[in-house]
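Coordinates in review
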4 protein chains.
Amino acid sequence: MTGIAIMGAGRMARVHAASIIGADAHIATIYDPVLEAAEALAASTGARAAPSAVEAMADPAVDAIMIATSSDTHVELLYEAVKTGKPVLCEKPLASSYDASREFVATVGEAAARKVFLGFNRRFDRGHASVREGVHAGRIGRLEQLTITSRDPFPPPLEYVPRSGGLFRDMMIHDFDMARSIVGKDMVSVTAHGSSIVDPEIGKLGDVDTASVTMLAEDGTIVTILNSRRCAFGFDQRIEAFGAEGMLVSNNPRQSGFTTYTKDAPGTAAPILEFFLERYGPSYTAEIRLFLDCAREGRDMPVNAIDGLMAAYLAEAATASLKQGKTIHLTGPDQEF
Amino acid sequence: MTGIAIMGAGRMARVHAASIIGADAHIATIYDPVLEAAEALAASTGARAAPSAVEAMADPAVDAIMIATSSDTHVELLYEAVKTGKPVLCEKPLASSYDASREFVATVGEAAARKVFLGFNRRFDRGHASVREGVHAGRIGRLEQLTITSRDPFPPPLEYVPRSGGLFRDMMIHDFDMARSIVGKDMVSVTAHGSSIVDPEIGKLGDVDTASVTMLAEDGTIVTILNSRRCAFGFDQRIEAFGAEGMLVSNNPRQSGFTTYTKDAPGTAAPILEFFLERYGPSYTAEIRLFLDCAREGRDMPVNAIDGLMAAYLAEAATASLKQGKTIHLTGPDQEF
Amino acid sequence: MTGIAIMGAGRMARVHAASIIGADAHIATIYDPVLEAAEALAASTGARAAPSAVEAMADPAVDAIMIATSSDTHVELLYEAVKTGKPVLCEKPLASSYDASREFVATVGEAAARKVFLGFNRRFDRGHASVREGVHAGRIGRLEQLTITSRDPFPPPLEYVPRSGGLFRDMMIHDFDMARSIVGKDMVSVTAHGSSIVDPEIGKLGDVDTASVTMLAEDGTIVTILNSRRCAFGFDQRIEAFGAEGMLVSNNPRQSGFTTYTKDAPGTAAPILEFFLERYGPSYTAEIRLFLDCAREGRDMPVNAIDGLMAAYLAEAATASLKQGKTIHLTGPDQEF
Amino acid sequence: MTGIAIMGAGRMARVHAASIIGADAHIATIYDPVLEAAEALAASTGARAAPSAVEAMADPAVDAIMIATSSDTHVELLYEAVKTGKPVLCEKPLASSYDASREFVATVGEAAARKVFLGFNRRFDRGHASVREGVHAGRIGRLEQLTITSRDPFPPPLEYVPRSGGLFRDMMIHDFDMARSIVGKDMVSVTAHGSSIVDPEIGKLGDVDTASVTMLAEDGTIVTILNSRRCAFGFDQRIEAFGAEGMLVSNNPRQSGFTTYTKDAPGTAAPILEFFLERYGPSYTAEIRLFLDCAREGRDMPVNAIDGLMAAYLAEAATASLKQGKTIHLTGPDQEF
């Protein structure tokens, strides 16, 4: 049984705890800045609440480390985790700024960065993964157009907007990672458009709530990403990959197979899944299992800190494109905007 | 150009006229008991209004005959048409009673009966035909269960009920023919259930408005037919063929690909097609083309008076099953109930 | 925290254990005829393995009892459980014979029988429940036709067939319960048809593998149930409720929203869920939560031993109908066939 | 009965002839540069083949004029038609160059230009029209994102490419018009991306075969258009309008409601409609009826030469954006690129 040290005892830690128990692993130690939170989670999982992160990670019963604390503490815990030489999974984002992400990868080196599993959990959604695997298996021949739609059910609280880093860094970052993982080629340009039409207050805070990005890949594939901070009918999360021999689509799964036929609504499907814990719940379980498999075998992580850096780089470029009102030509993650 | 004599100048005659013009044929003569009706249709099609059916059929410019008059006149016109030796298409039903249908086939003989195209036009619906062709091509292996659902949008006028012959002879007859054409085996038993719950007045007139029939085919295939005289969401016409290797379904086509997503209706499709002229419009065209092909080549008709008789026989047995409250074991069209 | 005594330590006990942990309850005691099995499950749940069922049930830490042993032991454990006066959930079937079911209800009385939660877990499927709730809420007006399709992905092992009691008692029993719960009226007749066409060996053992049942409810509603022991495309579990104002359908949910468009397959959906643990997994959780709610409040169980008896009664009548080749008119559970 | 002069006797003229006959109108005169073609169509419609366009238009039996000749002759015939003062319908495009379109509108004036029905027939597609009408009726609140996908089943012959004007002017022009008609606001910028990855030969000829355009409307609505010259699964024509209160989608209609369920393809729909005459066939009929209604009432045409000019303007801007590799800010149809 693989022993886990978990950093954080909040919502994501609890989500992961359930997955760990079903994956031939157990939580050995828990650290949380609020000791009582750590102790409560420890009580229901048979773990030990540790007084410090370093001590929690160092415990000999610990074979792997999971970082599920607030975003602004990720990178400092990652430096500690990397020092132990143990496999580590970190929730996204890698760091709270792009510069800090670049610095992390530069400091630990590419080899160590590839041992850090970065929790872009949408990669593990069954429908999205089927699109990626189908494209890579050549089921639609050469990929030509990739369209990703991500819309949240409702905007974040206004007070969150200023510290979010803006829509591209906070929300579209998932889609940048998804695009990279499906296309499998370098992007050569990014063009962003945005409006604040969901809530003008978001615009006053300097952000947009409705956005599109077009990216051109080095082989001519055209990537389109559509985002909105609000969607009346739920959590709209779709991918459409079009290629020479067909199209693969990941549509919104529904709550059930219930359908209503009446005079006025002659075929109404059940609601789509509401938000990320419902839609991506099974993805977390799949993610934890994959992390534990890689950890046990000492493999590079299939989604890692380099991926985190590259997604952050595209978000940075999109932010610059919107601000400058022009297409940004990409030269690599050392590019300044 | 094949010359057609058309009996009748009403709605069905006009529907067929449009199909004829597109099928390398023309209407040569028209007979209708109301001469003005014949003349009006003649004027817009370049045909000649004939004073009698016999004279219309006999015209040397006539290569084939179509009977589209009221149901109670079909069989007498058929006797005349068969005498000419020309290919003939007759709208369903063959005759206004089962006995008259039996007598017709007995009188003209099986060979002549197979030269009479009987207008079970649902056979030519693109979705239904795909089910039949798929079953016959072995796409689902051995057929095991066939389920046919037919529901009209609204019940007929009450005054029509007494002379309709009852739901099984008037409405389910299409489904009996469809079942025969898909299963391709003799039926060995019929069990009918019925209620008058759409409109109790229909029950007072001795008929049902909601019914199911189960038939067992000689090879053990189970056929289920569901009928209703009223359907709130339109003309519900579906077939489901289940077999050893899968299932083929003909669903209700919709008016368009329009779909609405709102908070309360997160995925509502466009209405289904409303009634038979809309749903089965293209089927009439396909039917006429097939009739003309067979007529030109002198072939037996793929759906003919024998099929009309056999469907009427099953309707007769279902009517008896409901009345007697028991399963009817089938011995053939000379069976008395 | 509600303490549970669980009878059995096999697959269903483990499925329930996961649901219990998430429902503010814990497993206090476990009994299994194989003590090692009880001890293994006890170790991973913090429960105590008890040496006998009676002792496990009697423990003062036990507030409610769950019976998840093999079918042939249900009824004797139920007698013991009822004696304790504690709420009890029993997996279906109530007993291994219809007579034993009748005797149980007669012996303990109707009041006690209503305190026994009977695990017809399909009632808790999200799609199926939406149909039932919609019908009861009047969303389609008066119910007129109810069609239930249940097809297993593959037939049971041949050695199971003789002790299964036959398709109607073993498999269609779920559909009889579903029909009762949706229609909410007494059934007045049952007509069964069946074939052994999936595997003729099943026929040689005296059973059928393909079946349909038509039931007429006291208010004229027509119920159709279609069963097959084998389905090439997965676990086919659908309900269609048709009424005066529309139709409610519970379709097969799919594994994801993945859809493929190619030249030969221009729109292929992801597979449906494969079998009952995948399809009805969330239903078990919902069932356990409802049982615990009722147990805590001392309420009658919404699906109980009376329902178990009535479903067994309909299965008995269907078995008799098939054997006798005729419609069975229903008089109540004291009817002999 | 409205009398029509039709210019051209080719494929589109024949398509329109069928619609005219069903719309209480008749073809009075036909002009075609190939007299035999005019005479053949005249023979089957009762029209008169006229020796010149001017003479055909001038006939006193002519109430309205339809121009269905080759694209390069449209504008000169339009000048003649406008002189007659009779209502005129012209197939798109207005003229074979953007400059010629501008000159036409400038010459005849805006009032006359609004009397010229321009045949953007996709506006009359039932699904697309439902999206437009739903948006205008406020069914999704404020429109925020509009996404139009248009993909042809296969690329045009290579020899057509040089004289097509390029993908934006030849193919995407329909989508520019659709976007304008749905959004109902001026566009303020156009950004185009394109690749030649379907067929590199197209790239060598200076055109693209895969393209996307992003337009920003004056109110912040973001419009995305995706085009491809080749689509393996048919004629992919979809619209998605997303707004504050929901989403309206026009999906690809299918050839029938036929669906196949097998082990490997557990739910495969019938093919989508193959190309424009099949997909947009009913749209032509609707277009002709609307034109005749407007003609009889002397109204401005709801889609007219001004719309033709504006769509050509957007196509011109997109072409410039691709060539210059930058966003084009729009100032109006007198803008030079």
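Refer to the structure presented above.
Summary of the structure given here. (Residues numbered from 1 in each chain as written. Chains lettered and ligands numbered in written order. Predicted model: local features only at pLDDT ≥ 70, side-chain atom pairs only at ≥ 80, totals over all residues. Heavy atoms only, no water.)

1. What about the side chain of Asp 175 of chain D?
All names here are of chain D. Looking at where Asp 175 falls in the secondary structure, it is placed in helix α9 (residues 173-183). Of the side chains bearing the opposite charge, Arg 122 lies closest to the buried Asp 175, which forms no salt bridge; the N-O distance is 4.2 Å. Here Asn 227 takes part through its side chain, which lies 3.0 Å from a polar atom of the side chain of Asp 175. Look past the residues within four positions of Asp 175 in its chain and what remains in contact with it is Arg 122, Ile 148, Ser 150, Ile 225 and Asn 227. (Helix = DSSP H or I, 4+ residues; strand = E, 2+ residues; numbered from the N terminus. Buried < 20%, exposed > 50% of the residue type's maximum accessible area, 1.4 Å probe, protein only. Lys, Arg positive; Asp, Glu negative; His and termini not counted. Salt bridge = Lys/Arg side-chain N within 4 Å of Asp/Glu carboxyl O. Polar contact = N/O pair within 3.5 Å; in protein donor to acceptor, adjacent residues only side chain to side chain. Contact = heavy atoms within 4.5 Å.)

2. A look at the interface of chain D and chain B
Counting residues at the interface gives 22 residues for chain D and 23 residues for chain B. Summing both partners gives a buried area of about 1,900 Å² for chain D against chain B, and 53% of it is carried by carbon and sulfur. It is Arg 126, Phe 258 and Tyr 261 of chain D in chain D that bury the most area against chain B; as a group they hold 31% of the surface buried on that side. Remark: the boundary between chain D and chain B carries 2 salt bridges. Its salt-bridge partner being Glu 278 of chain B, residue Arg 126 of chain D comes within 3.8 Å of it at the nearest N-O pair. Looking at the side of chain D that touches chain B, the elements that each hand over two or more residues are α7 (126-136), β12 (246-250) and β13 (258-262) of chain D. Of the residues that constitute the side of chain D that touches chain B, the class distribution is 6 nonpolar, 11 polar and 5 charged. The sheet contact formed by strand β12 (residues 246-250) of chain B and β13 of chain D spans 5 bridges and is antiparallel. Paired with Val 249 of chain B across the two strands is Thr 259 of chain D, which belongs to β13 of chain D. (Buried area = accessible area lost by both parts, 1.4 Å probe. Nonpolar A, V, L, I, M, F, W, Y, C, P; charged D, E, K, R; others polar. Pairing = 2+ DSSP bridges.)

3. Examining the relation of the copies chain B and chain C
For the pair chain B and chain C, the superposition axis carries a translation of 0.0 Å, the fit reaches an RMSD of 0.0 Å, and the rotation angle comes to 180°. A rotation of that kind, with that shift, is consistent with a two-fold axis. Among all residues of chain B, the minimum C-alpha distance to the rotation axis is found for Lys 326 of chain B, at 3.3 Å. A shared interface surface links the copies, since 100% of the contact residues of chain B are contact residues in chain C too. (Least-squares fit on C-alpha atoms with pLDDT ≥ 70 in both.)

4. A short note on the interface of chain B and chain C
Contact residues are listed per partner, giving 40 residues for chain B and 40 residues for chain C. With both sides pooled, the region where chain B packs onto chain C buries about 2,900 Å², and carbon together with sulfur makes up 55% of that total. It is Gln 145, His 193 and Ile 197 of chain B that lose the most area in chain B upon contact with chain C, and together they represent 19% of the buried surface on that side. Across the contact surface, chain B and chain C share 6 salt bridges. The residue Glu 240 of chain C makes a salt bridge to Arg 151 of chain B at a minimum N-O spacing of 3.6 Å. Counting across the interface, chain B meets chain C through 14 residue pairs in polar contact (both at pLDDT 80 or more).

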